[in-house]
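# Tertiary structure, described
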Amino acid sequence: MLRRTFMAAVVAGTALVSTPIYAQDGGKMDIVDTAVNAGSFGTLVAAVQAAGLVDTLKSEGPFTVFAPTDEAFAKLPAGTVDDLLKPENKDKLTAILTYHVVPGKVMSGDLSDGMMATTVQGSQVTIKTDPAVMVDGANVTQADIEASNGVIHVIDAVIMPKM
């Protein structure tokens, strides 16, 4: 029942994503390559590179990544992304990015309403499944994009840890 509810919510939410994103080669690409090939995560990939997290997200994992789209980053106040990408803000950028990553492979069927998940950053995110699937207030617009070292769930906002 939970999985059906989640999938129905995700299917309804996919209208927000102009093109479905699938891992090519049956999930044989890692999380970074899957994000690069999707074409809608340019800002996220640039941020991962600036934070020096590429090798980590290409490692064995597994990882669950709540991946904000370029449109999600565009919702941030003007200049925020440019400021975060500066070398002197690497620690803050790393904290934000690792807040989007949960150790292990958490598929949509593993989620429950009110679930708390500890992120790589160390804080917890709150998962809601009713009435829609959300993580810390960001809508999950596409779920269960499998990669060789984990899974990506697309979200429509950048979530921020309390700093």
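My aim in this report is to walk through the structure given alongside it, one point at a time. (Residues numbered from 1 in each chain as written. Predicted model: local features only at pLDDT ≥ 70, side-chain atom pairs only at ≥ 80, totals over all residues. Heavy atoms only, no water.)

What follows covers the overall build of the protein chain. When helices and strands are counted, the protein chain shows seven helices and seven strands. Burial status across the protein chain gives 45% buried among its 163 residues. Within the protein chain, residue pairs in contact and separated by at least 24 positions form 66% of the contacts whose partners lie at least 6 positions apart. Taken as a whole, the protein chain presents about 8,100 Å² of accessible surface, with 54% of it coming from carbon and sulfur. (Helix = DSSP H or I, 4+ residues; strand = E, 2+ residues; numbered from the N terminus. Buried < 20%, exposed > 50% of the residue type's maximum accessible area, 1.4 Å probe, protein only. Contact = heavy atoms within 4.5 Å. Areas by Shrake-Rupley, 256 points an atom, 1.4 Å probe, with all protein chains shown as cover.)

Quick look at the sheet that holds strand 4 (residues 124-128) now. Judged by pairing direction, the sheet is mixed, and its seven strands sit side by side in the order 2-1-7-6-5-4-3 without closing on themselves. With partners counted over all chains shown, the strands left at the sheet margins are strand 2 (101-103) and strand 3 (115-118), one partner each. Of the pairings in the sheet, the one linking strand 4 to strand 5 (residues 134-135) comprises two bridges and is antiparallel in character. The partner of Lys128 across the bridge, within strand 5, is Met134. Sheet contacts for helix 2 (residues 31-38): strand 1 (63-68), strand 6 (138-147) and strand 7 (150-155); angle to strand 7, the most-contacted strand, approximately 35°. (Pairing = 2+ DSSP bridges. Axes fitted to C-alpha atoms, helices over the stretch in contact; angles between N-to-C directions.)

Turning our attention to helix 7 (residues 90-98). Every buried residue of helix 7 is listed here: Leu93, Ala95, Ile96, Leu97 and Thr98. Residues of helix 7 that are buried in the fold lie against helix 3 (42-50), helix 6 (80-84) and strand 2.

A few words on the pairing of strand 1. Residues in a regular strand point their side chains to alternate faces of the sheet. Within strand 1, six of the six residues are buried, which leaves it mostly tucked inside the rest of the structure. What you see with strand 1 is no split at all: Phe63, Val65 and Ala67 on one side and Thr64, Phe66 and Pro68 on the other are buried throughout. Note: strand 1 against strand 2, three bridges, orientation antiparallel. The partner of Thr64 across the bridge, within strand 2, is Val102. Of the pairings in the sheet, the one linking strand 1 to strand 7 comprises six bridges and is parallel in character. Counted as the bridge partner of Thr64 is Val151 from strand 7.

Relative to the assigned elements, Ala46 resides in helix 3. Along the backbone, Ala46 and Val36 are 10 residues apart, and their C-alpha atoms lie at a distance of 9.8 Å.

Taken by themselves, the reported measurements are silent on function.
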